[in-house]
Each structure stands twice: as C-alpha cells, then as structure tokens.
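Architecture at a glance
In case you want the letters, here they are:
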Amino acid sequence: MITVSLTVNGEKVSREVEDGTFLAFYLREALGLTGTHVGCDTTQCGCCVVLMNGMSVKSCTVLAAQAEGASVTTIEGLAKDGKLHPLKRAFHECHALQCGFCTPGMIMAGVDLIDTYPGALTAEVVRHEMEGNLCRCTGYHNIVKAILKAAAEIRPASVRDVAE
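To keep things clear, this report deals only with the structure shown in the data block. (Residues numbered from 1 in each chain as written. Predicted model: local features only at pLDDT ≥ 70, side-chain atom pairs only at ≥ 80, totals over all residues. Heavy atoms only, no water.)

Focus: the overall build of the protein
- Each helix and strand counted, the protein has 5 helices and 5 strands in total.
- Counted from the first residue to the last, the protein has its helices and strands arranged as β-β-α-β-β-β-α-α-α-α.
- For 164 residues, the compact-globule estimate of 2.2 N^0.38 gives 15 Å, and the C-alpha radius of gyration of the protein, at 16 Å, lies within 12% of that figure.
- Expressed as lengths along the three principal axes of its C-alpha atoms, the size of the protein is roughly 50 × 30 × 30 Å.
- A burial count over the protein gives 46% of its 164 residues as buried.
- For the protein, restricting intrachain contacts to residue pairs at least 6 apart in sequence, the fraction spanning at least 24 positions comes to 56%.
- One finds the centroid of the 14 positive side-chain charges in the protein at a distance of 7 Å from the centroid of its 18 negative side-chain charges. (Helix = DSSP H or I, 4+ residues; strand = E, 2+ residues; numbered from the N terminus. Rg over C-alpha atoms; globule rule 2.2 N^0.38 Å. Buried < 20%, exposed > 50% of the residue type's maximum accessible area, 1.4 Å probe, protein only. Contact = heavy atoms within 4.5 Å. Lys, Arg positive; Asp, Glu negative; His and termini not counted. Charge placed at Lys NZ, Arg CZ, Asp CG, Glu CD.)

Here we look at the side chain of T103
- With respect to the helices and strands, the residue T103 is situated in helix 3 (residues 103-116).
- With a relative accessible area of 10%, T103 lands in the buried category.
- Ignoring sequence-local partners within four residues, the contact set of T103 consists of F91 and L97.

Re the pattern of salt bridges
- Enumeration according to the criterion identifies 3 salt bridges in this entry.
- With a shortest N-O distance of 3.2 Å, E93 and K149 are connected by a salt bridge. Within this pair, whereas E93 is found in helix 2 (residues 86-93), its partner K149 is found in helix 5 (residues 141-154), the two being separated by 56 residues in sequence.
- Each member of the salt-bridge network shares a partner with another, and the members are R89, E93, K149 and E153. (Salt bridge = Lys/Arg side-chain N within 4 Å of Asp/Glu carboxyl O.)

Comments concerning unusual backbone geometry
- Backbone geometry places N53, a non-glycine residue, at a positive phi of 55 degrees.
- By the element assignment, N53 lies in the loop between strand 3 (49-52) and strand 4 (55-58).
- Its identity is not glycine, yet H95 carries a phi of approximately 55 degrees, on the positive side.

With respect to helix 2
- Looking only at helix 2, the buried set comprises P86, L87, K88, A90 and F91.
- Once helix 2 ends, the next one or two residues include H95, with phi positive near 55 degrees.

Thoughts on the layout of surface pockets
- By volume, the largest pocket is sized at about 180 Å³.
- Going through the elements one at a time, strand 4 and helix 3 are the ones with two or more residues in the lining of the largest pocket.
- Taken together, the residues of the lining of the largest pocket break down into 6 nonpolar, 4 polar and 3 charged. (1 Å grid on protein atoms, 1.4 Å probe; cavity = no way out; pocket = protein on both sides within 12 Å on 5 of 7 lines; lining within 4 Å. Points joined across faces, edges and corners; volume = space filled by probe spheres on them. Nonpolar A, V, L, I, M, F, W, Y, C, P; charged D, E, K, R; others polar.)

Describing the sheet that holds strand 5 (residues 71-73)
- Pairing is mixed across the open sheet formed by 5 strands, whose spatial order is 2-1-5-3-4. Whereas interior strands pair on both sides, the edge strands pair on one side only; in this sheet they are strand 2 (11-17) and strand 4. Going from strand to strand, the sheet's axes swing by 40 degrees on average, the running direction of each strand aside.
- Here 2 bridges tie strand 3 to strand 5, and the two strands are oriented antiparallel to one another. (Pairing = 2+ DSSP bridges. Axes fitted to C-alpha atoms, helices over the stretch in contact; angles between N-to-C directions.)

Right, here's the structure in full:
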C-alpha cells in the first residue's frame, strides 16, 4: 500500500491505495468520482481522459503514484459556480452524445484541445486531434460541431470554420 496525495478539482486529497492502482481507479474507487469512465484499459478509447497539470492524459494507464503532487481535473470539476462549462453546454446543444459512455473523455480531451492548440481550429483539425478518443454511437459529426461551437465562445479568434 502507498499513500497518494494530489489536488483533484481544486481540493487536496490523500488516499492509501495498492501500489499498482491506476489513476482512473484512484478517482473512481478511492474518491468516488465516477465521471471518469474506463472502457479499454489500454489507452485506445479515451473514455478515461482527465487533465493532469493542465494536459490531457488517459488515466487508465497512468499510475496513481505517478500523479503524486499533481493537479487533476475530472469531468466533475469543469462546472464553475453551478454553470456548465461551454463545452458541456455545446455537447448538449449540438446533440453530441448518444449513450454517453465516451462523453466525459471526449469533453476533457476537447477542453485540452481548445485550451492548448496553437493554431486555428477547423473541423479537419478537430477530427485529427481527437482521433485518440473513440465513440461507437455518434459518427463524430456533432462532437466536432460541439467542440468548434465551444471554441468559438472560449477563444473566438481561433476558430476558422464551424461544422454544419
């Protein structure tokens, strides 16, 4: 057993876990934050994406011990003052989800993309940058549309086109 201490959604936390515990299971089981989903355990699907120190990571293959001292933001941590994050709102407005299993990872990866992509966002760029996140239901069109819609709100000058 090891003790892992980090900041999750702005709150300092510390829990004792088995040595080989992955961050996804630390979040889900030790902290009860079940918005982070686990789909594949092999970094292929992206359902488990969280932000660690401001960068998206697939938490199913990051050991909790590797996150020691880090700042982690989960899907639960995106709301501010009871208001939805612009990307969560855009997912709703653009009908960018069906079953919802991939949605937390898609949103977290999308937030990272909007926050860090250095150039202009286009539908082509979003499709390319999001290809590490899989969805079996939607066909991606509305996911791309939602990311571009939120990006236009968050950093308007960065969006070159909006998927119709």
